[in-house]
Amino acid sequence: MTDAETVPASIGGTRVRRPPSRQARWLAPYLLLTPATVLLAFTLAAPLALLVGFSLFTQRGLAIDTNLTLNQYVTVFTRPAYAVVFVRSLAISFIATILAILLAWPFAWFIAFRARAKFLWLLLVTIPFWTSYLLRIFAWKVILGYNGVINSALTTLHLISEPLRFLLYNPPAVVIALVHGYAAFAILPIYVALEKIDPSLLEAAADLGDGPLRRFLRVTLPLSLTGVISAFVLIFVPTAGDYVTPSLVGGPNGLMIANLIQVEFGRVDNWPLGAALAVAAMAFLAAAAAICTAGVRFAVAQIR
Amino acid sequence: MTARKTSRALPAYALLYLAFLYGPILLLPLFSFNNSIFVAFPLSGFTTQWYAAMAADSGMRFALANSLKIATAASLGSTIIALLAARALVRGVRGRAFFAGFSNLPLFIPDIVLGISLLVLLTRLTLPLSLVTVIVGHLMLCLPFALGVLIARLEGFDYSLEEASRDLGENAWMTFWRVTFPLVLPGVIASLLLTFLVSFDDFLIAFFLCGTDTTLPVYIWGELRFPYKLPDVLALGSLILACSTVLIGIAELARRHGLQGRPLPAPGT
């Protein structure tokens, strides 16, 4: 009980300007949070709960059989074609995530410690990130295509006699497009982590006899780790569930989980199976992200 | 010696990296002025015919109008909702961590799952798909971005200014109007622009929720199947690039106004 809360509302009949009542103060933040909570309840919590529910139903022709069953999950885990696509999705997105982080790390370090106009560099990074994702991925189709930019340029320069076929419609094309599409998600978190490093820590390490390599391994790298882990999760999860990229540049051998889900909700019209695929995919992604995050933490702990 | 080597290698790498980021994107405007139906080298001459063809396309204009309506509603709605929530979260409220984590969830769930789960709910409720359903989906999609920008803004907010205003006799409304609002305004502008872009750019959620009210990305997706439409799409894409570059520039300037050197609040950190 603070003084403010025990001030009487009126003294001897004269109205005193009182601070908001204890109840009002306690309630106010929750009132402010109400619209957001309602929005998230209806657009996030309820749909996801319903999706889990749907994954326990069965499609019978046009009708949905609402008796609960795990049959959809049995199908998801026993159909070999699904296993292939799940493994491929995780592999593509894992490689894309690692590549994006490796390429972005030196760049983020450059902005944090060497660049003069930090604002300008960060703006340059964010501009492509905010421009149409669809068109950015589509640009890769134009670049890598049979009659595309690379092939036509090489043919015009007489470096090749006929267009290269291996550029487009395969998993590497998906990886390249994803590394490009998600670059900002790698650079920004790593930059934020690097920027927070106190220079006196590096000086202290130098004073205590660490060379540049050991300083890097024992100070800069471990301290950038929070950013690396954020980047990992922020890229790994959405890329593994990406629909546009495999559809545009993946070809039949580059299809991913999202394509399977879309087919069940579209052409095949088996929503319960599609829901089970989606729930299984989310569970796999969460588990994979958790394992990789723990792995990175462990590896760095060993270095230290 | 090594220090000098890295000091030269690193800027070179940074420039290469920028070339990697921008190269593919800059191809769109380049080929949108190319006088050929094929997107290939060598360039065959300058033309603006694809822009004319694109502007004359009534399907495109319908989709553009829909996208503008949706993005306006979604950006206004999500910014207002996020402003109220950010105010509560910044001043400390029980369950803050839980709420912040939950509202960031759309960043960690693949768009396709967000889209189909909303579709399942709307179908169960037998609600018709329309602009409204896309707007509702986009409010959720935009919320983490609006919250990120506005929380960063409000965290630097000096509440003693509001107290001073009240002590000097201003009422709550005038305090809000003359003190709080001007201080928060740059964050609000940044949030409006960023969420506008998020909504305008979204393909997958609109793909599932728009019904026959095609949005621009959904329209472009349909056009991509027809090779002869390619140059029109490039012209449209170049215009979108130009407009969003201007918007993002303004948004970043507004967001940084008074927040020296603070980077984009990286989602999830």
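Novice: Looking at this model, I keep getting lost on the interface of chain B and chain A. Mind explaining?
Specialist: A common measure of how large an interface is: the accessible area buried when the components associate. Between chain B and chain A, the contact holds 83 residues from the first and 82 residues from the second. The junction of chain B with chain A conceals about 7500 Å² of combined surface from both sides, 84% of it contributed by carbon and sulfur atoms. Taken together, chain B and chain A are joined by zero salt bridges. Summed over the shared surface of chain B and chain A, the result is five residue pairs in polar contact (both at pLDDT 80 or more).

Novice: Is there a simple way to explain the confidence of the model for chain B in this structure?
Specialist: For any part of a model where pLDDT is low, the fine detail of the predicted coordinates should not be relied upon. Residue and element names in this part refer to chain B. For chain B, the average pLDDT comes to 84, and 93% of its residues sit at 70 or higher. Per-element confidence in chain B is highest for helix H10 (residues 204-209), whose mean pLDDT is 93, and lowest for helix H1 (residues 2-32), whose mean pLDDT is 82. Between residues 260-269, whose pLDDT stays under 50, and residues either more than four places distant or in other chains, the model counts 25 contacts. Note on the complex model: pTM 0.83, ipTM 0.82.

Novice: Is there a simple way to explain the domain arrangement of chain A in this structure?
Specialist: All names here are of chain A. In terms of domains, chain A is made up of domain 1 (3-54) and domain 2 (75-303). Buried surface at the junction of domain 1 and domain 2, summed over both partners, amounts to about 420 Å²; 90% is from carbon and sulfur atoms. If you sort the residues of domain 1 by the area they bury against domain 2, Leu-51, Val-52 and Phe-54 come out on top, with a joint share of 90%. Taken together, domain 1 and domain 2 are joined by zero salt bridges. Tallied by class, residues from the side of domain 1 that touches domain 2 come to four nonpolar, no polar and no charged.

Novice: Which parts of the structure should I look at to understand helix H4 (residues 80-113) of chain A?
Specialist: Because each turn of an α-helix spans 3.6 residues, side chains separated by three or four positions end up pointing in the same direction. Over its 34 residues, H4(A) runs 49 Å from end to end, which matches the ideal 50 Å to within 8%, given 1.5 Å per residue. Approximately 30 degrees is the largest bend angle found in H4(A), and it occurs at Ala104(A), with the proline Pro106(A) only one to four residues beyond.

Novice: Would you mind showing me how to read the side chain of Thr180(B) here?
Specialist: Inspection of the secondary structure puts Thr180(B) in helix H9 (residues 172-201). What Thr180(B) contacts, discounting residues up to four positions off in sequence, is Arg87(B), Phe157(B), Glu162(B) and Thr175(B).

Novice: Any chance you could explain the confidence of the model for chain A here in plain terms?
Specialist: Of the residues in chain A, 91% have a pLDDT of 70 or more, and the chain-wide mean is 83. Counting contacts from residues 1-16 of chain A, a segment whose pLDDT is below 50, to residues more than four positions away or on other chains yields eight contacts.

Novice: Teacher, can you tell me more about the packing of helix H5 (residues 118-130) of chain A against helix H9 (residues 183-195) of chain A here?
Specialist: The packing of two helices is summarised by the inter-axis angle and the distance between the axes. Residues and elements named next belong to chain A. Running from amino to carboxyl end, H5 crosses H9 at an angle of 155 degrees, the nearest separation of the two axes being 9 Å. Considering the angle they form, H5 stands roughly antiparallel to H9. Of the two possible hands of crossing, H5 and H9 adopt the one that is left-handed. Residues Lys-118, Leu-122, Val-125, Thr-126 and Phe-129 of H5 touch H9, and the partners they reach there are Ala-184, Phe-185, Ile-187, Leu-188, Tyr-191 and Glu-195. Here the residues of the contact of H5 with H9 sort into eight nonpolar, one polar and two charged.

Novice: Help me understand helix H12 (residues 230-256) of chain B in this model?
Specialist: In a regular helix each residue adds 1.5 Å, so 27 residues correspond to 39 Å; H12(B) covers 38 Å between its end C-alpha atoms and thus fits that length. Burial analysis of H12(B) places 19 of its 27 residues in the buried class, which makes it a mostly covered element.

Calculation rules
- Residues numbered from 1 in each chain as written.
- Chains lettered and ligands numbered in written order.
- Predicted model: local features only at pLDDT ≥ 70, side-chain atom pairs only at ≥ 80, totals over all residues.
- Heavy atoms only, no water.
- Contact = heavy atoms within 4.5 Å.
- Buried area = accessible area lost by both parts, 1.4 Å probe.
- Salt bridge = Lys/Arg side-chain N within 4 Å of Asp/Glu carboxyl O.
- Polar contact = N/O pair within 3.5 Å; in protein donor to acceptor, adjacent residues only side chain to side chain.
- pLDDT = per-residue confidence, 0-100.
- Helix = DSSP H or I, 4+ residues; strand = E, 2+ residues; numbered from the N terminus.
- Domains from an automatic or database assignment.
- Nonpolar A, V, L, I, M, F, W, Y, C, P; charged D, E, K, R; others polar.
- Expected span 1.5 Å × (residues − 1).
- Bend = angle between axes of the 7 residues up to and from the residue.
- Axes fitted to C-alpha atoms, helices over the stretch in contact; angles between N-to-C directions.
- Parallel < 35°, antiparallel > 145°, perpendicular 65-115°, else oblique.
- Left-handed = near helix turned anticlockwise from the far one by under 90°.
- Buried < 20%, exposed > 50% of the residue type's maximum accessible area, 1.4 Å probe, protein only.

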